[in-house]
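Working through the structure, step by step
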Amino acid sequence: MALGTETVDLLELSPDFVRDPYPVYAQLRERGPVHHVRTPDGEELWLIVGYEACRTAFNDPRLSRDWLRSGDISQIINVEQDNPALAHMLMADPPHHTRLRRLVARAFTPRRIEELAPRIQQITDELLDAMEANEERRGDLLEALAFPLPMTVICELLGVPGLDRDAFRGWSNEAVARTSPEAEAAAYGEMIAYLTGLIEAKRAEPGDDLLSAMIHAVDEGGDRLSPSELIGMCVLLLIAGHETTVNMIGNGMRALFAHPEQLADLRADFGLLDGAIEEMLRYDGPVETCTERLALEDVEMGGVVIPKRSTVLITMADADRDPARFDEPDRFDIRRDARGHIAFGHGLHYCLGAPLARLEGRIALRSLLERFPELTSDADEAKLPWIPGMLIRGVKQLPVSW
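Let me begin by describing the structure that accompanies this report. (Residues numbered from 1 in each chain as written. Predicted model: local features only at pLDDT ≥ 70, side-chain atom pairs only at ≥ 80, totals over all residues. Heavy atoms only, no water.)

1. Things to note about helix 3 (residues 51–58)
As a reminder, the rule being used: Relative accessibility thresholds used throughout: buried, under 20% of the residue-type maximum; exposed, over 50%; partly exposed, between the two (1.4 Å probe, protein chains only). Working definition: helices are DSSP H or I runs of at least four residues, strands are E runs of at least two. Numbering for both runs from the N terminus. Relevant arc is that of directions from the helix axis to the C-beta atoms, nothing else. The contact criterion used is simple: two residues touch if any of their non-hydrogen atoms lie within 4.5 Å.
Those residues of helix 3 that sit buried are Y51, A53, C54, A57 and F58. The buried residues of helix 3 occupy an angular sector of 170 degrees when the element is viewed end-on, so they sit on one face. Tucked inside the fold, the buried residues of helix 3 contact strand 3 (44–48), strand 4 (63–64), strand 6 (293–295), strand 7 (299–301), strand 9 (311–314) and helix 16 (316–319).

In structure tokens, the structure reads:
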């Protein structure tokens with residue numbers, strides 16, 4: 001077995017990698033499933049590409065998410081090892097992960113998610129009313145709809161409607177795509193201070209919301225979330241609860257604008273909407289790679305050895321463009337059977353909020369297209385500013401006219 005020693009610089013393969021990484025991933029996939037790479041921000045890590053290899057990696061217990069117990073958190077984030085913002089299920093392996101997920105999963109059952117539909121529709125309609133009242137009839141679709149919708153929903157679900165949205169957006173941006181190590185550390189510090197006070201207030205005066213329920217939740221064995229775990233779960237739910245939907249809507253609309261015949265088909269028949277959502281997730285999903293895994297031991301895949309203690313990324317964006325799984329994967333087709341994509345991950349860390357993101361996406365896209373039949377893109381694709389990093393895939397702005 002060869003120890004892969006060649007380091008591939010992703011920007012050298014394509015200076016346009018951040019905007020369009022798919023050709024680079026396809027080149028790597030043709031060479032094999034595992035590569036040592038240098039990312040656009042200069043980090044060196046191991047990248048897994050290809051549908052089957054990615055699914056296998058998601059289920060490999062040697063690729064751990066438990067950096068707090070098994071690794072050095074400073075390898076991936078500029079915070080202390082015991083930072084409470086990280087005490088959540090996405091930073092844990094079984095049995096700890098199993099315990100944490102069980103304590104919050106009851107809030108995300110299909111029935112409870114569907115009960116949110118009328119309120120999601122109401123929020124969407126209010127945002128579209130504001131768009132309609134705009135005399136210029138142009139603006140940024142992310143600011144007008146894609147960001148405020150899921151942020152309002154997750155804040156109301158948690159019970160924090162008074163959250164300073166602008167401040168939280170800044171914290172979230174640093175958490176998923178830091179501008180500097182110092183800014184990242186400051187964002188986590190401010191989030192913890194805010195959430196600590198919020199949890200104290202909810203403990204004193206609980207409401208009919210998810211945060212109050214998490215504070216007082218006790219399972220049959222008497223288990224409950226610790227103070228640090230409450231902070232960590234709030235951080236996870238607030239960030240994951242909006243980032244996925246924001247960029248699902250943004251990337252989905254960009255794909256539709258780039259394929260006007262498909263947009264016309266969808267407007268003519270909203271029976272295609274569920275399939276269109278799945279194709280949007282497959283074709284250009286909101287999460288490019290998984291959150292960083294830690295190799296607990298030397299891991300051999302495809303004849304290459306990933307050394308123990310290495311950082312590993314599983315590339316969902318490439319898995320969903322693998323021709324071994326999807327015919328003509330670079331073709332956007334809302335009539336395609338896109339089921340089986342891994343845009344929300346795979347295995348035990350499969351996104352708990354996937355049903356909520358799909359529901360928000362369905363309501364937002366249908367309402368937007370019905371209300372504004374003349375909606376068009378004003379964006380110059382080559383000049384759109386992209387979110388940096390390799391975790392979240394999306395643009396920072398999406399200019400449109402309606």
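There is more to say, and it comes next.
2. Things to note about the sheet that holds strand 11 (residues 399–401)
Rules: Paired strands, in this sense, are two strands between which DSSP finds at least two bridges.
A sheet is described by the order of its strands in space; here three strands give the open sequence 5-11-10, paired in antiparallel fashion. In the strand order of this sheet, the two ends are held by strand 5 (138–140) and strand 10 (376–377), each with one partner.

3. Describing the layout of surface pockets
In this approach, a probe sized like a water molecule rolls over the atoms, and the result shows the empty space that is left. Filter applied, for reference: Only protein atoms enter the 1 Å grid used here. Points where a 1.4 Å probe fits but cannot escape make up a cavity, open sets with protein on both sides within 12 Å along at least five of seven lines make up a pocket, and a residue lines them when an atom lies within 4 Å of a point. Grid points are joined across faces, edges and corners, and a volume is the space filled by probe spheres set on the points.
By volume, the second largest pocket is sized at about 420 Å³. Along its surface, the second largest pocket is lined by 20 residues, and R112, L157, D208, D209 and L210 are the ones closest to its centre. When contributions to the lining of the second largest pocket are tallied by element, the ones reaching two or more residues are helix 5 (96–105), helix 6 (110–115), helix 7 (117–133), helix 9 (148–158) and helix 12 (210–216).

4. Details of the packing of aromatic side chains
Quick reminder of the rule: Aromatic rings from Phe, Tyr and Trp, with only the six-membered ring used for Trp, were paired whenever their centres fell within 6.5 Å, and each pair was classed as stacked if the ring planes differed by under 30 degrees, edge-to-face if by over 60, and tilted otherwise.
The tally for this structure, following the rule as stated, stands at seven aromatic pairs. Geometrically, the ring pair formed by W171 and Y194 is tilted, given 6.0 Å between the ring centres and 50 degrees between the ring planes. Separated by 23 residues along the polypeptide, W171 in helix 10 (residues 165–176) and Y194 in helix 11 (residues 181–204) bring together distant segments of the chain. When its relative accessible area of 11% is taken as the criterion, W171 is described as buried.

5. Section: helix 15 (residues 273–284)
As a reminder of what qualifies: Expected span, for any helix, means 1.5 Å times one less than how many residues it has.
Between its first and last C-alpha atoms helix 15 spans 16 Å; for 12 residues at 1.5 Å apiece the expected length is 16 Å, and the two agree. Burial within helix 15 is extensive, with 10 of its 12 residues counted as buried. Along helix 15, the positions that sit buried rather than exposed are L273, A276, I277, E278, E279, M280, L281, R282, Y283 and D284. Check the buried side of helix 15 and you find it contacts helix 2 (22–31), helix 13 (227–258), helix 14 (260–268) and helix 17 (354–371).

6. What to know about empty space enclosed by the protein
Operational definition: Basically, the charged four are Asp, Glu, Lys and Arg, the nonpolar ten are Ala, Val, Leu, Ile, Met, Phe, Trp, Tyr, Cys and Pro, and anything else, Gly included, counts as polar.
For the structure shown, the criterion picks out one cavity of 30 Å³ or more. A volume near 50 Å³ is recorded for the largest cavity. Considering each element in turn, the lining of the largest cavity owes the most residues, three residues, to helix 15. When its residues are assigned to classes, the lining of the largest cavity shows seven nonpolar, one polar and two charged.

7. Concerning the pairing of strand 3
Counting buried residues in strand 3 gives four out of five residues, a clear majority hidden from the surface. Two elements, strand 2 (residues 34–38) and strand 3, share five bridges in a ladder whose sense is antiparallel. Opposite H35, over in strand 3, you have L47 as the bridge partner. Relative to strand 9, strand 3 is paired through three bridges, and the arrangement is parallel. Bridge pairing links I48 to I314 in strand 9.

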